[in-house]
Amino acid sequence: MGTETLAIGSVRLFRYALGSLLLLAGTALLVAHGLAWLDVEPRILRALQGGAICALGTALGAVPVLVIRRMPVAVSDTLLGFGAGVMLAATAFSLVVPGIAAAESLGLTSWGASGLISFGIMLGAFGLYLVDRRVSGASPEMLVGTPDKPVIPPRIWLFVFAIIAHNIPEGMAVGVSAGGGMPDADSLAMGIALQDVPEGLVIALVLAGAGMSRAKAFLIGAASGLVEPVFAVLCAWLVSLAEVLLPLGLALAAGAMLLVVTHEVIPESRRNGHEKLASLGLCIGFCLMMAMDTALG
């Protein structure tokens with residue numbers, strides 16, 4: 001009887017996961033068709049579509065939590081390393097290099113363009129550092145909730161909030177590149193969406209492993225990427241106001257993403273003793289994003 005009940009439960013969970021995938025795919029198609037009917041400036045629309053793709057990648061990553069509750073730590077660390085590699089390559093090839101070119105097109109010398117981009121990188125990193133300090137300073141009482149609910153350790157909530165905050169510079173990158181008419185904007189959005197998949201999965205699995213229901217963990221993991229289309233549209237609109245905001249915006253996003261990778265993602269991927277797997281994942285992610293950016297961009 002126990003085995004039969006377990007089998008029925010597994011089939012039911014599989015149906016839930018399959019249904020969620022179909023629902024997400026159908027919603028994505030409906031949104032894509034709906035956006036085509038909107039009378040929106042093309043670059044803003046491109047930013048919205050790119051941000052929506054990134055959010056969909058996060059949501060798809062959260063789906064497996066409906067079937068599995070835990071992931072091998074080695075696999076999780078490898079996926080985190082992969083995401084770090086994708087973000088590093090996107091920072092270099094989709095943000096810094098185009099940012100320098102955009103600054104030079106405004107009439108700046110090579111030294112002037114490099115100085116502007118360096119200033120933007122430091123400013124973006126410092127801005128996200130302040131956000132990270134704000135999140136880390138939240139009270140444990142606010143993070144764990146009330147006693148009548150499952151108590152999730154504060155460290156888990158901080159990790160989840162950190163990943164959500166890290167989605168902000170990714171949305172910025174998509175919006176700035178789309179709003180500036182960069183030719184590699186689509187490949188950048190696809191690359192970020194690709195590395196968002198393990199992020200959504202990690203958030204959902206961490207919450208489920210801490211005692212949260214699978215459905216709620218899935219919803220939080222899927223919703224964690226919604227900040228990306230919001231900031232993509234906002235940054236695309238800001239870039240469209242003045243040409244000088246394009247290189248500066250690219251640099252701000254690059255600095256924020258650099259801080260994300262070095263301060264959070266890479267240390268988290270190596271925290272459990274799987275440094276070699278994390279490094280391998282990083283190299284694979286970097287090469288894949290580099291190929292997407294240079295060959296497809």
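Cut-offs applied
- Residues numbered from 1 in each chain as written.
- Predicted model: local features only at pLDDT ≥ 70, side-chain atom pairs only at ≥ 80, totals over all residues.
- Heavy atoms only, no water.
- Helix = DSSP H or I, 4+ residues; strand = E, 2+ residues; numbered from the N terminus.
- Buried < 20%, exposed > 50% of the residue type's maximum accessible area, 1.4 Å probe, protein only.
- Contact = heavy atoms within 4.5 Å.
- Areas by Shrake-Rupley, 256 points an atom, 1.4 Å probe, with all protein chains shown as cover.
- pLDDT = per-residue confidence, 0-100.
- Salt bridge = Lys/Arg side-chain N within 4 Å of Asp/Glu carboxyl O.
- Expected span 1.5 Å × (residues − 1).
- Axes fitted to C-alpha atoms, helices over the stretch in contact; angles between N-to-C directions.
- Parallel < 35°, antiparallel > 145°, perpendicular 65-115°, else oblique.
- Left-handed = near helix turned anticlockwise from the far one by under 90°.
- Nonpolar A, V, L, I, M, F, W, Y, C, P; charged D, E, K, R; others polar.
- Arc of directions from axis to C-beta.
- Disulfide = S-S within 2.5 Å.
- Phe/Tyr/Trp six-rings, centres within 6.5 Å; stacked < 30°, edge-to-face > 60°.

Undergrad: Give a detailed account of the overall build of the chain, specifying residues and quantitative values.
TA: A tally of helices and strands in the chain yields 11 helices and zero strands. N-terminal to C-terminal, the α/β element order of the chain is α-α-α-α-α-α-α-α-α-α-α. Taking all 297 residues of the chain together, 43% fall into the buried category. Considering only contacts within the chain whose residues lie at least 6 apart along the sequence, 85% involve residues at least 24 apart. For the chain, the computed accessible surface area is about 14500 Å², with 73% contributed by carbon and sulfur atoms.

Undergrad: Let's hear about the environment of R46: which residues, and what values?
TA: Turning to its location among the elements, R46 is positioned in helix α2 (residues 42-62). Its relative accessible area of 24% is what places R46 among the partly exposed residues. With 131 residues separating them along the chain, R46 and S177 place their C-alpha atoms 9.6 Å apart. Ignoring anything within four residues of it in the chain, the contact list for R46 reads A178, G181, M182, P183, A185 and D186.

Undergrad: Go over the confidence of the model for the chain, please, and point to the residues and values.
TA: This prediction gives the chain a mean pLDDT of 75; 74% of its residues lie at or above 70. With pLDDT under 50 throughout, residues 1-10 is counted as low confidence; its partners more than four residues away or in other chains account for zero contacts. Counted against residues more than four places away or in other chains, residues 139-148, with its pLDDT under 50, gives 12 contacts.

Undergrad: Tell me what's going on with the pattern of salt bridges, and back it up with residues and numbers.
TA: Scanning all chains against the criterion turns up two salt bridges. R46 is the salt-bridge partner of D186, the closest N and O atoms lying 3.3 Å from each other. Here the residue D186 occupies a position in helix α7 (residues 185-209), and R46 occupies one in helix α2, the gap between them amounting to 140 residues. Overall, D186 belongs to the partly exposed group, its relative accessible area being 47%. In this structure, E268 engages R271 in a salt bridge whose closest nitrogen and oxygen atoms are separated by 3.1 Å. Residue R271 is classed as partly exposed on the basis of its relative accessible area, which comes to 46%.

Undergrad: Got a sec to walk through α2? Specific residues and values, please.
TA: With 21 residues, α2 extends 31 Å between its outermost C-alpha atoms, agreeing within 8% with the 30 Å of an ideal straight helix rising 1.5 Å per residue. Within α2, the full set of buried residues consists of I44, L45, A47, G50, G51, C54, A55, G57, T58, A59, G61 and A62.

Undergrad: So what about the packing of α7 against helix α8 (residues 214-223)? Which residues, and what values?
TA: Running from amino to carboxyl end, α7 crosses α8 at an angle of 150°, the nearest separation of the two axes being 8 Å. With respect to α8, the axis of α7 lies roughly antiparallel. Here the hand of the crossing between α7 and α8 comes out right-handed. Between α7 and α8, the residues in contact are G200, I203, A204, L207 and A208 and A217, F218, I220 and G221, respectively. Class assignment for the residues of the contact of α7 with α8 results in seven nonpolar, two polar and no charged.

Undergrad: Any chance you could break down helix α9 (residues 227-239) for me, citing the residues and the numbers?
TA: Across its 13 residues, α9 extends 18 Å between first and last C-alpha, which sits within 8% of the 18 Å expected from 1.5 Å per residue. Residues of α9 that are buried: E228, P229, A232, C235, A236 and V239. Seen along its axis, α9 keeps its buried residues to an arc of 135°; they face one direction.

Undergrad: So what's going on with the packing of α2 against α7? Residues and values would help.
TA: Between α2 and α7, whose axes approach to 6 Å, the crossing angle comes to 30°. Here α2 lies roughly parallel to α7, going by the angle between them. Handedness of the α2/α7 crossing: right-handed. Listed contacts from α7 to R46, G50, I53, C54, G57, T58, G61 and A62 of α2 are A185, D186, A189, M190, I192, A193, D196, V197, G200, L201 and A204.

Undergrad: Residue-level account of the state of the cysteines, with values.
TA: Under the counting rule described, the total for this entry stands at zero disulfides. With no disulfide partner, C287 has as its closest neighbouring cysteine sulfur the one in C283, 6.6 Å distant.

Undergrad: Go over the packing of aromatic side chains, please, and point to the residues and values.
TA: Note on aromatic pairs: each is described by the distance of the centres and the angle between the planes. This structure, assessed with the given rule, holds one aromatic pair. Pairing F93 with F286 gives two aromatic rings, centres 6.0 Å apart and planes at 65°, and the pair type is edge-to-face. On the criterion of sequence distance, the pair formed by F93 in helix α3 (residues 73-105) and F286 in helix α11 (residues 275-296) is long-range, its members being 193 residues apart.

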